[in-house]
Structures are given as structure tokens and as C-alpha cells.
Amino acid sequence: MKIIGLTGGIGSGKSTVSSYLVKLGIPCFDADESSRAAVRKGSACLQKIVEFFGPACLLETGELNRPWVADRVFNDHVLLKQYEKIVQDQVLADKQQFLKEQKERGTHAVVLDVPLLIECGWYKEVDSVWLVSVPREVQVRRAMLRDHASEETVTARINSQMSLTEKEKFADVVIDNSGTIENTQKQVMEQLRQMGIKI
């Protein structure tokens, strides 16, 4: 089973590529969705977070009080790392379960859609690292439009992440998403063909 590791940055259009791969019938593990599910009401992971922070981290509804947690971890790097580890351990378990199930089904190719694929070291476990990239000015413009955010806010967020240029050093494939959707899809099809993945 071929494993594609898909990554990008804010506003680079990674979700455009992942949704196209899903449309082509390639199963996709979404790390963002997994981390959101990890902290849903009633989850085992949320229970661990409550054990860590205490019941004050919950809303009256029993859901995670995200602003409360954000306030606690914002200026405390150690606390942030411990909180992230609880969530990341769950995401890792979900990923392993996903790969196990797909292998058992005889799936010939899967995608791991992971924004921090390189930072968390998962890039070492895939057959091909795909980076969705755009020039920085395009990245800023798209993220401003998508998040209805100021240029200053978006730039600060981009600066806090590993740059797309830095990520390129780890990529086997760079998908240039600065043109039309058709152009991006054409690049995807070409890379699948080169990997011997039949659609």
C-alpha cells in the first residue's frame, strides 16, 4: 500500500488537493479532523485533558472550553507541550487504526493529510511527501479571504509556522497551487501516474 503524506501551509490550498484525491477514490486520513474529534464531549482523550487541567477546562455542556485552555497554554510552553501531547497521542492512534483498516481492505493507496507532517516527523513514515505550495503573497491573500483576517494577523500566523520554502527541502513532490484548479488537478494526476497508482 502506497502512503502519500500531504502537507502545506496556511492558505496554500492543501484541502483543494486532499478533496480531489478523495474524489478520485483514495482514502484520506485528516489529522485536523482527528484532533477535533479527539476533544469532543465524551471522548477518552477529553477525559485525559480533564484529568490534566481539572474540571474547570469544561463548559457547563461538558464540552472543552477552548478559550480557557488557550489562555492557560498561551504563555506556558511546557503546559502547551503537555496538552498537545495528549491530543497528538490520540491522533497517532487514529492514524495507525486508519492504516491498519486500509491495509486489511487491500487498499492500494492512501493519503495522510497532516499540516505538521514534517514538524512531527511523520514524513519519515510515508512513501512520498507532497507539499502544496504557492508564492507567499498568494498565501497571505488567500488566507485573508478565507479567514476574514487582517494581513497582519495572517502574516503573524504564517511566520509562526515552518515556511513553505523550508518544507520544500523535505518534499518529494511540490504541487504548485498558484494557478487554476484544473492545473493543480493535472499535477496530481501526473504524480499518481508516476507512483504507479491507478485511478
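Higher on the page you've got the structure.
Computed from a predicted structure; not experimentally measured.

Peer 1: What should I look at first to understand the pairing of strand 1 (residues 2–7) in this one?
Peer 2: Within a regular beta strand, the side chains point alternately toward one face of the sheet and then the other, so they alternate between its two faces. Burial of strand 1 is extensive: 5 of the 6 residues sit out of reach of the surface. Examined bridge by bridge, strand 1 and strand 4 (residues 128–133) share 4 bridges and lie parallel to one another. Residue pairing across strands places Ile4 opposite Ser128, the latter belonging to strand 4.

Peer 1: What is the right way to read helix 9 (residues 181–194) from this model?
Peer 2: Each α-helix turn comprises 3.6 residues. Residues three or four places apart therefore point the same way. Taking 1.5 Å per residue, 14 residues should reach 20 Å; helix 9 reaches 20 Å between its end C-alpha atoms and fits that length. Where helix 9 is concerned, the buried positions are Thr184, Gln187, Val188, Gln191 and Leu192. Seen from one end, helix 9 has its buried residues packed into an arc of 135 degrees, which puts them on one side. Across from the buried face of helix 9, at angles greater than 90 degrees, the exposed residues are Glu182, Lys186, Arg193 and Gln194. Looking one or two residues beyond helix 9, the residue adopting positive phi is Gly196, at roughly 75 degrees.

Peer 1: Honestly, the sheet that holds strand 1 in this entry has me stumped. Any pointers?
Peer 2: As a general point, the strands of a sheet are linked pairwise by backbone hydrogen bonds and lie either parallel or antiparallel. A sheet is described by the order of its strands in space; here 5 strands give the open sequence 2-3-1-4-5, paired in parallel fashion. Of all the strands in the sheet, the pair left with one neighbour each is strand 2 (28–30) and strand 5 (173–176). Sheet twist, expressed as the average angle between the axes of neighbouring strands with direction ignored, equals 25 degrees. The sheet contact formed by strand 4 and strand 5 spans 4 bridges and is parallel. Bridge pairing in strand 5 links Ser133 to Asp176.

Peer 1: Would you explain the pattern of salt bridges in this entry?
Peer 2: Oppositely charged side chains can pair when the atoms bearing their charge come close. In the structure shown here, the tally under the stated rule is 12 salt bridges. Asp113 is the partner of Lys14 in a salt bridge, and the nearest nitrogen-oxygen pair spans 2.5 Å. In this pair, Lys14 sits in helix 1 (residues 14–23) while Asp113 sits in strand 3 (residues 109–113), placing the two residues 99 residues apart along the sequence.

Peer 1: Explain the side chain of Thr107 to me, please; I cannot follow it from the model alone.
Peer 2: Structurally, Thr107 is set in the loop between helix 5 (77–105) and strand 3. A relative accessible area of 16% places Thr107 in the buried class. Within the structure, the side chain of Thr107 is placed 2.7 Å from the side chain of Gln102, a separation counted as a polar contact. Apart from the residues within four sequence positions on either side, Thr107 is in contact with Met1, Pro27 and Gln102.

Parameters and conventions
- Residues numbered from 1 in each chain as written.
- Predicted model: local features only at pLDDT ≥ 70, side-chain atom pairs only at ≥ 80, totals over all residues.
- Heavy atoms only, no water.
- Buried < 20%, exposed > 50% of the residue type's maximum accessible area, 1.4 Å probe, protein only.
- Helix = DSSP H or I, 4+ residues; strand = E, 2+ residues; numbered from the N terminus.
- Pairing = 2+ DSSP bridges.
- Expected span 1.5 Å × (residues − 1).
- Arc of directions from axis to C-beta.
- Axes fitted to C-alpha atoms, helices over the stretch in contact; angles between N-to-C directions.
- Salt bridge = Lys/Arg side-chain N within 4 Å of Asp/Glu carboxyl O.
- Polar contact = N/O pair within 3.5 Å; in protein donor to acceptor, adjacent residues only side chain to side chain.
- Contact = heavy atoms within 4.5 Å.

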